Structures are given as structure tokens and as C-alpha cells.
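# Breakdown of the fold
The chain contents come next:
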Protein chains: 4
Amino acid sequence: MGSAPADLVRTIYVDGSEGRTPRLPTDLTTLEDAAAKELTATAFGYVSGNAGAGATSRANRLAFDRWRLLPRMLRNTAARDLSVSLFGQRLPSPVLLAPVGAQSVVHPEGELASARGAGDAGVPVVLSTAASHTLEDVAEATGDRPRWFQLYWPSDRTVAESLVRRAEAAGYTALVVTVDAPAFGYRPADLDHGYLPFLHGAGIANFTSDPVFRAGLPDGADHAAVVAHWARIFANPSLAWDNLAWLRSLTRLPILLKGILHPDDARLAMQHGVDGLVVSNHGGRQLDGAVAALDALPAVRAAVGDAVPVLLDSGVRTGTDVVKALALGADAVLYGRPYLYGLALDGERGVTHVLRCLLAELDLALALTGCTSIDDIGPGLLAPPGPLATPAHS
Amino acid sequence: MGSAPADLVRTIYVDGSEGRTPRLPTDLTTLEDAAAKELTATAFGYVSGNAGAGATSRANRLAFDRWRLLPRMLRNTAARDLSVSLFGQRLPSPVLLAPVGAQSVVHPEGELASARGAGDAGVPVVLSTAASHTLEDVAEATGDRPRWFQLYWPSDRTVAESLVRRAEAAGYTALVVTVDAPAFGYRPADLDHGYLPFLHGAGIANFTSDPVFRAGLPDGADHAAVVAHWARIFANPSLAWDNLAWLRSLTRLPILLKGILHPDDARLAMQHGVDGLVVSNHGGRQLDGAVAALDALPAVRAAVGDAVPVLLDSGVRTGTDVVKALALGADAVLYGRPYLYGLALDGERGVTHVLRCLLAELDLALALTGCTSIDDIGPGLLAPPGPLATPAHS
Amino acid sequence: MGSAPADLVRTIYVDGSEGRTPRLPTDLTTLEDAAAKELTATAFGYVSGNAGAGATSRANRLAFDRWRLLPRMLRNTAARDLSVSLFGQRLPSPVLLAPVGAQSVVHPEGELASARGAGDAGVPVVLSTAASHTLEDVAEATGDRPRWFQLYWPSDRTVAESLVRRAEAAGYTALVVTVDAPAFGYRPADLDHGYLPFLHGAGIANFTSDPVFRAGLPDGADHAAVVAHWARIFANPSLAWDNLAWLRSLTRLPILLKGILHPDDARLAMQHGVDGLVVSNHGGRQLDGAVAALDALPAVRAAVGDAVPVLLDSGVRTGTDVVKALALGADAVLYGRPYLYGLALDGERGVTHVLRCLLAELDLALALTGCTSIDDIGPGLLAPPGPLATPAHS
Amino acid sequence: MGSAPADLVRTIYVDGSEGRTPRLPTDLTTLEDAAAKELTATAFGYVSGNAGAGATSRANRLAFDRWRLLPRMLRNTAARDLSVSLFGQRLPSPVLLAPVGAQSVVHPEGELASARGAGDAGVPVVLSTAASHTLEDVAEATGDRPRWFQLYWPSDRTVAESLVRRAEAAGYTALVVTVDAPAFGYRPADLDHGYLPFLHGAGIANFTSDPVFRAGLPDGADHAAVVAHWARIFANPSLAWDNLAWLRSLTRLPILLKGILHPDDARLAMQHGVDGLVVSNHGGRQLDGAVAALDALPAVRAAVGDAVPVLLDSGVRTGTDVVKALALGADAVLYGRPYLYGLALDGERGVTHVLRCLLAELDLALALTGCTSIDDIGPGLLAPPGPLATPAHS
């Protein structure tokens, strides 16, 4: 498994020299600008849009930029292994596709293309409840590769149970419960466009395909009635810690909470028997002004110790970002918007391109920091801002 | 009362999807750019202009950006109540319209439209002494909603007394005495345009309608003579702490001082029997280089403890700004320039739009930080800049 | 004397409203952009150009921006006095024209127009050795107002002595010896243009008019020979502390050293009997990367205590900059490039305009900070960056 | 030797005034922009391109900007000596040409022109293994001036030995072994262009001219086969500390390691008998996010004490940058991309121009900081960011 990333690097350098048109950029921080030129304003607004004035989105990036790497030399890094173990599964790298809903907004094949493209790059998928395609269809697209299911916990418990049962049946091996979205964030791009994909039918396939959901519909319900029913049960602002016991009793899948930022919430999660955490601020799309996810990570890790895996999303763009997240305590990262831009620009191939670039840079970062495995990445690689020492006089 | 903001949110999301032309932006930090395109240079210069090179105006915004929110999850925030109590009155939210003079410069209906628009959004008005419409007319426009009166204390004490008596009679329930304007600030936009609204008759309606002021005019005074008389008595650079006793003896209305930044001045205010404070630097329009109001807030709050309400203005733009101000010790905020831009762009409806956006984001911020009431907002929601913890090694 | 600035303010506000074309901007930080549009590239490059990549010039401005003012309210500031005493002279304000050489590059009347314009605004002149007009002519233009002479100490001691004697005879009352220019700075604007004013004859009038200098010329010396002779003696890189005794013995005028940044040099100056210091980095025109003058000021003041006056230049642009410099320990400031831009844009009137704006903002800053005299300005007016206090929790 | 820089200064100022077309800029931080206009996209991408998103490249510059110089006055700096001693050789200044490969990409005469241009400016060359011209030809171009050889240590030890023997024979007097490139960095500019110079035959002259390398080629090898063979042996990701003993046994030339950032690696280098270090992050071209070289310097110097020379590259642009690097512990600097831009813009003359500007500014910086020799440069010249002292009150 460890040889794949090396192949990726070689392929990029050598294939790259042969040219391909149109090419996506290899600087993954520039994908957003490339996508802005291709997508409609509403589609680009939906994918790139942040809560409020975008302060948290910027903070996410600044938090990565603040840390510097202090590499080691002459350590024989010819053979490198990017694989990690999570919940008893060996994954090719510490990167998973972050759950993003309504992907048909940017590409007709949506999550199916993302799943295939990620499969080509060896990256597991975390599928969103709000997918444009059913979890069963996406499961088929991922083949025999690992897949997890993200749960927006509906206010109708029977629908929630049905979704979990279907995810189990379709071979999803972990449940990622998003807890930072008791309500939609205040997102000016969507508000200015008067556009929410779900009200147009995108991203509700897991509901319209669900027998329990359908049973709740009035006879002869038209599209508007279906959407209205979805709107009634989708959001669940009354969720509280005590509700977790019910979910815990429902399934033996590992349960992760996504959206934890406060170390006290991390401790509460441990007390409620949660199996893992995703430190996240929803990519800056929920609470404008929320702390950067990377800034919250060390305190969350300190709060839970080694008890459970801690993942991170929000702001990851490059291979060295992955190194920084791992050095600060993450076991793996979820990778979000950049693959959406790849999907928007070139479908399945675009997703593969973006992920191969990411893994190539990660693999090179191991070589260049003196690491041969993910376990070699630790806080010793990190330098604080500013001089590492000051001259005696100053 | 607590249900109104939830309605606002629902309306914005659902109505927003139906479209309306022309629409004002929902990112309230972009209103100034939108207004710049519509207003004349003199009108825009008057509203947006800052003292000097604008350092304090920028500092106000940076102070808000510096703080990060550390939200809590899974706390059942389905029911939320934004209301607060001030001086024995229950207000729908911790937001009041800041006093801004001469609003006819940007819209012919001026303060009347602002008062009606604020009323539609459930926001009380603090009317400026320098209004373009008389305090009696604005009182009528606010109907039975709470209204406060801002006092520029004229150097002619008989006129000052007359203004206070009229405010009492018109149902204003608090006096906000501005203390940071013993002289007009040095405002290059107005100076470059050679434009002061008051010299053109805008913003002196409370004087020209005042019997005591009129009695001081020479017989047959033309417009120029009226303005000259106004200029003689409007500013009062000799005001000092000792003068407060006279005002205190004059009225039973609660007296707030607006423009306090130094904690020692906050203590002096307590010694002089003041009922409340507004921490403010006049939106950066008086002393260029003055400390950001938000930076001054915690020290002022620490100086007065819980003795009196402390409000804040200067730099508030978004719903999460309100959360930050309250977490740092404010009981409520005054909201200024953004509503002027709403007024400029769409009159009364524009004011309502801006305030509904603000309250919607505030309401969502409660949901997303795990709060169900304004009292739940405290310093525990705030994260300092940078990582919340550092890995053991670094 | 204290009433003049108040007159200035009134005039600006009231006259300003009457309009004048062309008008110079009243935001003094924008003068450079205005001048850039009017001047030739070589002239603008000479005046605005900095050493190297301009880091020190930017640092000068950032140092002013870093400090915030914490104003006091309700202190009766109706009557304000800007005057200060230096070396037994009462000056109308703590502002003097900084010495700038070769002013004929931007305006044919050069230093004569500057001196007249400064006189109209009540600002004393510090005339540069490298003036385009003779010190005698400029003395005449300043009339009976205070004037100081800046000395570039030539390597020919007889010429140095002649300059000092002439300055004494022409009524200059202090000598400002520039010590930060043992060589010209590395100034890319001038280097790129291949343009040094002095090689074209601008800024050497005090030499060509000097009998001792002329006596050193070969018979029949043409323009090139005069310039070459000037180039041989103008710079004096071998100057050292011991040389000061000779100058001290030469004159009873107070001697200030201009260009001191290190507190140890300030102490050495005291040991060598110097009468005053000008903390300065030559406006960022000599050593790129030099510390901001304002950052150096408190340490220099601490080093000399109250023994001698300490002045500051480099980066002063606005009236609140003057307040900050004084609060950090300066007794007065030298004001440089902005008046050059005023001179370039409107000659003598432009200089007056710029200085009146500066003094108007300074006067208002006193009113708005609760001061009635320059002595009221102290470190208590300064706030450090960031919150003045933090809430208990954080 | 010490007089040369003074000549440079004089020449620049005086010759500058005579004009020359086309002129290169004298602000060396602007050379990149000038080169961007002249070079092809692939050539400019190769020279200016950084690893990843360029964070380390920016960090390198910010690290220089963060430090401020605190100059001393009146120290008689008329005579200045820029020379330094390294490994028993006296060098005219503490500046050497950094090794940069494949220079024919920007100019047909490549390293030959650089060597001649550097010679004209009195600057020694560190020649890259990846040069476009053979080390023997470049040795001839450098004449009798000092030259060092940079070694990319090939994975084929017999080729490595051959390169070292040839360097010895050609008069190179030090070996600079690059240790931060076990693999090519992830460089989006090259990847986007699908362009690596070496795959096009540029930068492999020292291999194609090498008898041992050629002996390893199959009979009748065409260009593609030569490049493929080069690709097999050029990179050596398995290098480790233990390999140094072999190199040490091979040659009596001083061995420097280039690319050390971690102080523990500096200590390891001392334990393995290395003769010198170059603190470097490869100009930000290898590991994006690596610590700024200047930030790493003081800790490396502290780790090795005065045992061996420590040089620095990565981010040096101006003469005052050299002063800062030396004040923070470097004995000399390697100067890289700016001379490539000079080469690109004007060949040999462009290289000379750039270096003369650099040395002129360095020479002036000595004069203006009160130094007369390189030994006078120490940490006492450095000021930390911010005020040097704070007023008692604040």
C-alpha cells in the first residue's frame, strides 16, 4: 500500500511533462479561483460560500500558515508508508473525503463521480446524508473500498433509524454525526442568490428514497410537498447530549461526533461513549467568528488523550497542511472543498487529480521532513512563529 | 417576543429564495460598498467619513475580528429568546438604533423612515439631537415602541432644558448624553468637500422647532442667521463633570454618557450618579487614533462592575459582533452606519432589511453557540487568538 | 498665541465650505499620492524616495499606528494653548519644519516659499545646509520668526566654521547637526533615475555663496569643477564624537544632534555636552531596515531623562501623530515630507495649507483627549495594542 | 581589497547619473517583477517557482523584515573593509553566489556568464552539480578567483567520487553537500507547465561529461536514454548520516552541509566531522511550510558555537539583509535568485550589476551603522520588533 503515493509522485512529475488539456492547477490553494471561473454564481456560491463575512474561513487558513515545519535531514526516506489504522481498518493514507451535500449542484454525477474519483486515488469516502445520490448507489460506486456515513440526525427518529439501518446494510463502517448544524448557518452567498439546493430537490435523495420518510408523506404529495416534509424533519435544533444513548443503542458502528471545538465538549463526548471526534467548524460555513479548527485541535486532543481517534477538517488544502494537522494531534483529516472544485472542473477525473496532488505533496513532505511513516509525524516537526532562538544580546 | 427572530430567519431563508429586485446584500459588512455606488460624494462622505486617516475606524473592526468564538454543541437550542431588560423596560433584542444626525442627507424621509423601519424590525430608536426631523415627529413615527433621546448638550442651558423637557413630553424614556464631541472631529471627507450638513440646514430641526431657541433669534432672522445662531450654541467644549449635577436635577429619566473609553472616566461617571454608559469612539469619527471601543469595553465593565448597564457602539456590523460585545461585557449595542446605508439604498424597507439580517444572524449565533437566551452569552464563549493549547513538545 | 490654532480650525471648517480650486487634500496621509500625479518622476523620486526597499519608511508609519489614544472626557477644553518653550524661546506649537535640502527640485521658489508658508502658519523653520537658497535669503523670508540651522558638517573645517558664523549672523538660534549621513543612503529612486540634485547644482547655494568655499576653488572653475569641489568636502564619513568639542568651542548656539536612535548614543551625546537630540532615521532615507524613530524614542528619552529637549522626526504625518510622539517623550517634532508635497502642489500657499491642517488636527486632538495645553499630553493618553483588560474567564 | 566596495558605491552614484539603457533596477527586491516581464513562462516558473503555495518563500522575506537595525553614530566609518576569511581563504566580502542549476534555462551562456559576472564584482561562485556547463568550463571562467562546488550526491557512488575528483582537479576549494533534496520539491509552477529542465537536457552537463557516468550508459544510448540514466542516479533519498564517513574519507576539501534547519541536525553534523553549515530551506523550493532560514539561524549558531563557519541562504535580497544575517550569527551568505534575474535580463553584465548593487548597499550599511569591518557586525545592531522601551505609565 505504501508504494502507491510514490507512484503518484512519479506519475505527476513524468506524466505532467507530457501535458494534458485542460489541466487543473497543481497548487491546490488556487482551485477555488479556477472553479469561480467555470461555475454558475449560484453553484459557486453554494460550494465556496461561508457563514457571515467569512472570518472563520480565513482563520482556518491563517491557523495553518502560522505553524512552520522544522524538517530533519539525512534520515534515509527512500521507502515511505502513508497508511494509517482507524477503527481496525487500514487506510491507504490519513485522508478521507469530507462529507459535502448536494454535489449535483456542481456536476450531474455528483457523489457518484466523487466516490469513483476518490477510489482511483485510494481515498475513502465519508458520504453526506444530504447527498444527491442514494447511499446505496454511492456504496456501489465505492466498490470494496472503505466508506463511512455522515448523519444529519433528523428530528423524526424513525427516519433517523432507517438511515442508520440502510447505511449498515450498504456496508458503511462508521457513523459521523454532525453536531454543529442545529440550524443552517447564515450564508450571504446563498441568501443573496435566494438559493438553497435542497429547496430545489438537490441533496434530498436519501430521504426521497427512504421508505419511512415516504410513508410520512401525504397521499399524492407533489415535489413542493416532499420538500416541505423534508424541511420539517431535516434540522434538529433540540438535539442534546442525552439523545446520544439512543443512537448508541441502535448500532454497533463506531460513532464519531463532527463539529467539536471546545475541549469540554470533547470530554462530554467521552462520557457519552463516543468512538471518535472530528474537530471542525464546518469549513467556516456555520458560525462566523468561530475559532479555527486547527487552533482548537491541540486542546481537544489534550482533553481526550489517546482514548479515541481525533480527526480534523476545515481549512486543509495542501499536503503540508495534513502534516501540520497530524503533528498537532489529528489521526487523519477530512478533505472537503478542493475535491468539490475538482469535481466541478473535470468530474471524476478532477477529483482524482486533486487527491493525487494532495497525496503526492504529503508523500514528498514525509521525505523532506525525514519521516518514513505517518507515525513519525509529531510535534517535534513544528516550529512556533518567529526566531527559534534569539542572539544573546537582544 | 422570543419567536420574532426565529420568524426573521425563516422569512429570510424562504422569502429570500423567492427573490426581490433590487436586493440589498445580506453580508452586512458589504453595505458600505453598495452605498458608495448610490450616494452622492458629499452624502457618502458625510455618512462613511472618519476622523483623520481612519485609523480608529479600522481599529474598531480589527478589535472584533481579533476575538474568536468557542461554541458549545448538543445543548438543545430549539427555543431562543433574544430579549433583554434595560432600565426596567423589556426590549426585543440587545440592539438599538444608534443616534445619527442629519439623516435627510441620505434620504428625504430621514429619521422618520429609520424609525418606521426599525419599528418593523422590533428595534428601539435612540434619536439624535441633530436629527433632520423634530423629536415629536419621530416619536409619532415610533408609535408605542421604546425610544431614547440622545442629547448634544448646547452651551445655552435654557435650550438644553427645553430639549430635555420636550423629550420627556414626547415619551422618550432615557437620555444619552454624548461626551466625546466637545468639538467636531477632523473629518477629511467633509473638509475636502467643504460640506457640513448643518450649515445647509440639515440636522437642526430640533433647534428651529424649539421655542427657546427661536426666542434667542434676532427679529427677522434669515436662514444664515439661524444657522449662525445654531453654530454659536450647539457645541459646548467647556462641559465638565460638575455640570452633570444640573442635568441630574432637571429630569428623572435615566442618564447615560456616550463616548466613555477610559475606565477612570467610567468611575467618575459612577461618582456623578450616571445611570448607564455607552462605550464608544463615535464610530471613529471624532479622535483619529482613539482606542477601539471593543478594546476599551472590558476595562470599563470591570471599573463599574454590575452597577449600571454598559452599552457599546463603534464597529458593530454583524450578528456575531453583537455576541462578542455581549461576551466582553456589554448589555446591549447601538447599531449605526449599516442602517444608514440601508436607509440610503431603500428607505424604510432598507432599514428593516438590515436590522432583520442582523437579528437573524444573532439568533442563529445563539443556536450555533449553544445558547438559548442573551444571559447565556458570557466570556466562556470567547477564545483568545492563536492555538487554545500547544502540543507538549513545542 | 493659544488662540491661533482655534482660528485655524474655524477657518478650515468655515472657509472650507466656501470651496477653492484646486484644493489640496486635508487628509495629510494622502498628500504623497497627490504629489505623485503632479511632479516629474525624478523630482517625486527625490522627495518621496526611501533607502533600499523602503522598510524603514513603512516601519515609521506602523510605529505610529500601533499606539492608540485613550482620551478623557468632560474636562472643559474650551481654551487650548499649543505653545511650547525650547531653548528659552516660546514657540507657537510643538512643530517645526524639518530640514530638507534642494527644495528647488519641486518648486522654483524652494526654501523661500517654504519659509514664507511656514511663517503664515506660525511654524518655525529648520533650514538645511543643502538648501537651494542661501541661509541669508531664507532668514530674510522668515522675518522675525524663530529659525534654526541644520548643519551637514563638511570635511573642510574652515567651510564648516564659515557656515556656522553665517548662521549666527543671520539670526539662526540653534544648530541641528545631522549625524546619520556619513554617506548618502542607498536610494533606488535616485539611482534608477541617475539623478542627484546636487550634481545638477540644486542644493549647494550655501556653498557657492560661501567665501571660504569659493576661495578653495581653482581659478576659472566652471560649473562641473564647482560641483566636484562640493562633492569632495560635503560628506564627512570620518566624523566622530571627539570632533564635537571643536564645534562646541566654536559657538554659543544650542547644538542638537539629529539622527540619534540608540540610547547609548544618547548618553554619549550628554557626555559630550550636546544641548538637544532629534530622534530620527532621516525619514527612512538613509539606512533601510533601521528601527522606527518612534520605537526608538522612549528609550532615548529614558536615557537622557529631562536633561535636554528631545525632538522627533520620521513618519509624522497627522496631528494625532504629534500627540503620540509627545506622549512618548518628545518635546516637539520636525515635520518633513508633507510640507514638501504642499510646496510642490501649491507653493507657499500649499505649505501653509498643510501646516494649518496639521495644527488644526492637533488642536482638535487636544480638545478631544481632554487636554488644554501641551503639558497635559503624557503617557497616560496611550493605550497599548489590544484589549485594555480581559474578561475574568479568558 | 577593502577599497573595492567603496569604488562600487562611487561608480553607481556617479555612473548612474550618466544613464545606461536598458537599466536594471537598483532596488533588488524588484528584480523578480522585472524578470517576469522578460522570461518565458516556463523559464520564469523554473527560477521563481516555490514549493507548494509559497509559504516558506514568503516566510523567508518576513523573517528579514521582522528584525530592525539599531545603528550607531559618529564612529568614523570613512575606511571600511568588507572582507572575511573562510577556510583559510580571504574573500572580498561575505557574499558568494548560491548554487543554482540549469542556468541555461534563462540565458544561453548560463553558469559561464554568471561566473564571469560574479568575477567582475569580486564574488566567489558556488557551482551547482546540476549546472548547464561543465565544472571544468566554469572553473576556467572564474579564472584565479575562489570557487566552491555544490554536490548533489548521486545514488551511484562511483559517479559521486568522479564528481568530487573532478572538482578537486579543477581547483574548487570546498564541497557544499545539499541535504534537503532527497526528492524534488512539489513545485506547482513546473508541474503546471509539465516542465523539468533536466528532462530536456538542461543541467546535466556534469553528468554527460563524466567518464564514469558515460561508462554506465548502454551502447548507442540516445538522448532519452541518457536522461533516463541520469534520473536513475541523480536523486538519493536513502542518504543518511552514516554515509558522510565515506565522503569524508574521499577528500581533504572542507565539507559543508547545505539545508540544515534543526539545531539537532547541526549537532549531528558536528559529530560527523562536517567543516561548515549552510542554514537554508532551498529558497522555499523544497518543503512548503518549512521554517524561515533566518529564523532557524540563531538556534543553529547556538548549537555549534564557533566550531565551524555557518552560512545562510534563502531570502537574502538586499545589503541590509546581509547585515541582519551576519548579526544573527552567519559568517557569510549565499545569494541566489536575484543574480539569476540579472543573468536573465542582461547576461554577464546583469549579474555584475546585481552584485555591485548588493555590495554597495552592504558597504553603505556598514558606514550607516557605525561599522568599519564585518567583525563589527553583531547582535548589538539588532532591535526587536516594537518600542525599545515603554513609557513608565503604559
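Position labels on residues start from 1 in each chain and follow its written sequence. Lettering of chains starts at A and numbering of ligands starts at 1, both following the order in which they are written. In view of the model being predicted, local features appear only for residues whose pLDDT reaches at least 70, and side-chain atom pairs are presented and counted only at 80 or more, with totals across whole chains, interfaces and linings using the full set of residues. In computing side-chain properties, one takes all heavy atoms of the structure into account and sets aside hydrogens as well as water.

### What to know about the overall build of chain A
Secondary structure assignment for chain A yields 16 helices and 12 strands. The C-alpha atoms of chain A give a radius of gyration of 21 Å, which matches the 21 Å a tight globule of 394 residues would have. For each residue, the accessible area found with a 1.4 Å probe, counting protein chains only, is set against the maximum for its type, and the residue is called buried under 20%, exposed over 50%, and partly exposed in between. Classification of the 394 residues of chain A by burial places 65% in the buried group. Contact definition: two residues touch when any of their heavy atoms are within 4.5 Å. In chain A, 74% of the contacts between residues at least 6 apart in sequence involve partners at least 24 apart. Total accessible area computed for chain A in this model is approximately 12,700 Å², and 50% of it derives from carbon and sulfur atoms. Considering chain A, the positive charge centre built from 32 side chains and the negative charge centre built from 41 side chains are found 4 Å apart. Helix and strand definitions follow DSSP, with helices as H or I runs of at least four residues and strands as E runs of at least two, each counted in order from the N terminus. Radius of gyration: C-alpha atoms only; globule rule: 2.2 Å multiplied by the number of residues to the exponent 0.38. Only the protein chains shown count as cover for residues, and all accessible areas are computed by the Shrake-Rupley method using a 1.4 Å probe. The charged-residue count follows a simple rule in which Lys and Arg add positive charge and Asp and Glu add negative charge, with His and chain termini not counted at all. Each charge is placed at NZ for Lys, CZ for Arg, CG for Asp and CD for Glu.

### Thoughts on the packing of aromatic side chains
All names here are of chain D. Stacked, edge-to-face and tilted are the three classes for Phe, Tyr and Trp ring pairs, Trp counted by its six-membered ring, which pair at centre distances within 6.5 Å; planes under 30 degrees apart are stacked, over 60 edge-to-face, the rest tilted. Following the criterion strictly, the structure yields 48 aromatic pairs over all chains and no others. Their ring planes at 25° and their centres at 6.3 Å tell us that F198 and F234 sit as a pair that is stacked. Highlighted residues: F198 in the loop between α8 (188-193) and α9 (205-208) and F234 in helix α11 (residues 223-234), separated in sequence by 36 residues. Across this residue pair, the class does not change: F198 and F234 are buried.

### Here's the deal with unusual backbone geometry
Although it is not a glycine, A:L74 sits at a positive phi angle of roughly 55°. If you trace the backbone, A:L74 turns up in the loop between β1 (68-69) and β2 (84-86). Even without glycine at this site, C:S314 takes up a positive phi of about 90°. With respect to the helices and strands, C:S314 occurs in the loop between β10 (310-312) and α15 (319-327). C:S314 sits in the buried class, given a relative accessible area of 5%.

### What to know about the relation of the copies chain C and chain D
Taken as rigid bodies, chain C and chain D are interconverted by a rotation of 90° and an axial shift of 0.0 Å, the fit giving an RMSD of 0.0 Å. In the structure described here, the two chain copies are related by an operation that fits a four-fold rotation axis. Among all C-alpha atoms of chain C, that of C:P385 lies closest to the rotation axis, at 9.6 Å. With a heterologous cut-off of 20% or less, the 4% of interface residues of chain C that recur at the interface of chain D puts this contact in the heterologous class. Overlaid copies result from least-squares superposition on C-alpha atoms, with residues included only where pLDDT is at least 70 in both.

### Brief notes about the arrangement of the chains
The closest approach of any C-alpha atom in chain A to one in chain C is 13 Å; the two make no contact. Separating chain B from chain D is a minimum C-alpha gap of 13 Å, and the two share no contact.

### Topic: the interface of chain C and chain D
With 50 residues of chain C at the interface, the matching set in chain D holds 42 residues. Summed over both sides, the interface of chain C with chain D buries roughly 3,900 Å², with 65% coming from carbon and sulfur. Salt-bridge detection follows one rule: a side-chain nitrogen of Lys or Arg within 4 Å of a carboxyl oxygen of Asp or Glu. Summed over the shared surface of chain C and chain D, the result is 1 salt bridge. Pairs of N or O atoms within 3.5 Å make up the polar contacts considered here, provided that, within protein, one atom can donate a hydrogen while the other can accept it, and that residues adjacent in sequence are counted only when both atoms are side-chain atoms. Between chain C and chain D we count 13 residue pairs in polar contact (both at pLDDT 80 or more) in total. Breaking the side of chain C that touches chain D down by element, the ones donating at least two residues are α4 (55-66), α8 (188-193), β8 (255-260), α13 (263-271) and α14 (293-304) of chain C. Buried area: the accessible surface (1.4 Å probe) lost by two parts on joining, summed over both.

### Overview of the relation of the copies chain C and chain B
By a simple turn and slide, chain C fits onto chain B: the slide is 0.0 Å along the axis, the RMSD is 0.0 Å, and the turn is 90°. A different interface surface on each copy is seen, since only 5% of the contact residues of chain C are contact residues in chain B too.

### Here we look at the interface of chain C and chain B
The partner chain B presents 49 residues to the 42 residues of chain C that form the contact. For the pair chain C and chain B, the two sides together bury roughly 3,800 Å², of which 65% comes from carbon and sulfur. Viewed at the interface, chain B and chain C are joined by 1 salt bridge. Salt-bridge contacts for B:D265 lead to C:R72; the nearest nitrogen and oxygen are separated by 2.9 Å. Linking chain C with chain B are 13 residue pairs in polar contact (both at pLDDT 80 or more), by the criterion used here.

### Here we look at the pairing of strand β8 (residues 255-260) of chain A
All names here are of chain A. Buried residues dominate β8, accounting for 6 of its 6 residues. By this definition, two strands are paired if DSSP reports at least two bridges between them. The pairing of strand β7 (residues 175-178) with β8 spans 4 bridges and is classified as parallel. In the strand pairing of β8, V177 is matched with L257. Two strands pair when backbone bridges link them, and β8 and strand β9 (residues 276-279) are joined in this way by 4 bridges, in the parallel orientation. What sits directly across from L256, in β9, is G276. For the handedness criterion, the β-α-β arrangement of β8, helix α13 (residues 263-271) and β9 is classed as right-handed. When the strands point away from the viewer and the path from the first strand over the helix to the second turns clockwise, the crossover is right-handed.

### With respect to the pattern of salt bridges
Applying the stated criterion to the full structure yields 59 salt bridges over all chains. The salt bridge partner of B:D346 is B:R349, with a shortest N-O separation of 3.2 Å. Taken together, the residues span about one helical turn, with B:D346 and B:R349 both in helix α16 (residues 337-369) at a distance of 3 residues. The exposure class of B:D346 is buried, given its relative accessible area of 16%. For B:R349, a relative accessible area of 52% gives the class exposed. One salt bridge connects D:R61 with D:D321, and the closest N-O pair in it is separated by 2.8 Å.

### Topic: helix α11 (residues 223-234) of chain C
An ideal rise of 1.5 Å per residue puts 16 Å on 12 residues; α11(C) measures up with 16 Å between its terminal C-alpha atoms. In this structure, the buried residues of α11(C) make contact with α7 (157-169), α9 (205-208) and α10 (211-215) of chain C. The span expected for a helix works out to 1.5 Å for each residue beyond the first.

### A short note on the packing of helix α2 (residues 31-38) of chain D against helix α16 (residues 337-369) of chain D
Residue and element names in this part refer to chain D. To get an axis, a line is fitted to the C-alpha atoms, and for a helix only the part in contact is used. The angle between two axes follows their N-to-C directions and goes from 0 to 180 degrees. It is the contact of α2 with α16, at a shortest axis distance of 8 Å, that shows an interaxial angle of 100°. As far as their axial angle goes, α16 and α2 are roughly perpendicular. Where α2 abuts α16, its residues L31, E32, A34, A35 and E38 lie against P338, Y341, L345 and V354. In the scheme used here, Gly and all other residues not listed as nonpolar or charged are polar, with Ala, Val, Leu, Ile, Met, Phe, Trp, Tyr, Cys and Pro taken as nonpolar and Asp, Glu, Lys and Arg as charged. For the contact of α2 with α16, the class distribution of residues is 7 nonpolar, no polar and 2 charged. In these notes the angle categories are as follows: under 35 degrees is roughly parallel, over 145 is roughly antiparallel, 65 to 115 is roughly perpendicular, and the rest is oblique.

### Overview of the confidence of the model for chain A
Residue and element names in this part refer to chain A. Across chain A, pLDDT averages 93, with 93% of residues at or above 70. pLDDT expresses, on a scale from 0 to 100, how confident the predictor is about each individual residue. Here residues 16-21 is modelled with pLDDT under 50, and outside its nearest four sequence neighbours on either side it reaches 9 contacts, counting other chains as well. Overall fold confidence (pTM) sits at 0.96, and the ipTM for the predicted complex is 0.95.

### So, the nonpolar core
What we call a nonpolar core is a set of buried Ala, Val, Leu, Ile, Met, Phe, Trp, Tyr and Cys residues that are connected through their side-chain atoms within 4.5 Å. Residues A:L257, B:L257, C:L257 and D:L257 are the most contacted members of the largest nonpolar core, which totals 569 residues. Discounting chain neighbours no more than four positions away, the residues touching B:L257 are B:V177, B:V179, B:W241, B:L244, B:A269, B:V274, B:G276, B:L277, B:V278 and C:L74.

### A word on the packing of helix α15 (residues 319-327) of chain B against α16(B)
Helices that pack against each other are described as a pair by the angle of their axes relative to one another and the distance between those axes. Residue and element names in this part refer to chain B. Put simply, α15 and α16 touch, their axes get as near as 7 Å, and they point 60° apart. Taken together, the axes of α15 and α16 are oblique relative to one another. For α15 against α16, the interelement crossing comes out right-handed. Along its contact with α15, which presents G319, T320, V322 and V323, the element α16 presents L358, E361, L362 and A365. Tallied by class, the residues present in the contact of α15 with α16 amount to 5 nonpolar, 2 polar and 1 charged. Definitions for this section: a left-handed crossing has its near helix turned counterclockwise from the far helix by less than a right angle. A right-handed crossing has that turn clockwise.

### Let's talk about the pairing of strand β9 (residues 276-279) of chain C
All names here are of chain C. Of the two faces of β9, the one holding G276 and V278 and the one holding L277 and V279 are both buried throughout. Where β9 lies against β10, 3 bridges are found, and the strand directions are parallel. Each residue of the ladder has a partner; that of V279, found in β10, is L312. For the handedness criterion, the β-α-β arrangement of β9, α14 and β10 is classed as right-handed.

### Thoughts on the side chain of C:S132
Residue and element names in this part refer to chain C. Considering the arrangement of structural elements, one finds S132 in the loop between β5 (125-127) and α6 (135-142). With a relative accessible area of 15%, S132 lands in the buried category. Once you skip the residues sitting within four places of it in the chain, S132 turns out to touch A102, Q103, S104, E111, G203 and A205.

### Topic: the environment of C:V212
Residue and element names in this part refer to chain C. Considering the arrangement of structural elements, one finds V212 in helix α10. Note: C-alpha distance between V212 and S93 (119 residues apart in sequence) is 37 Å. Filtering out sequence-adjacent residues up to four positions away, V212 remains in contact with T158, V159 and S162.

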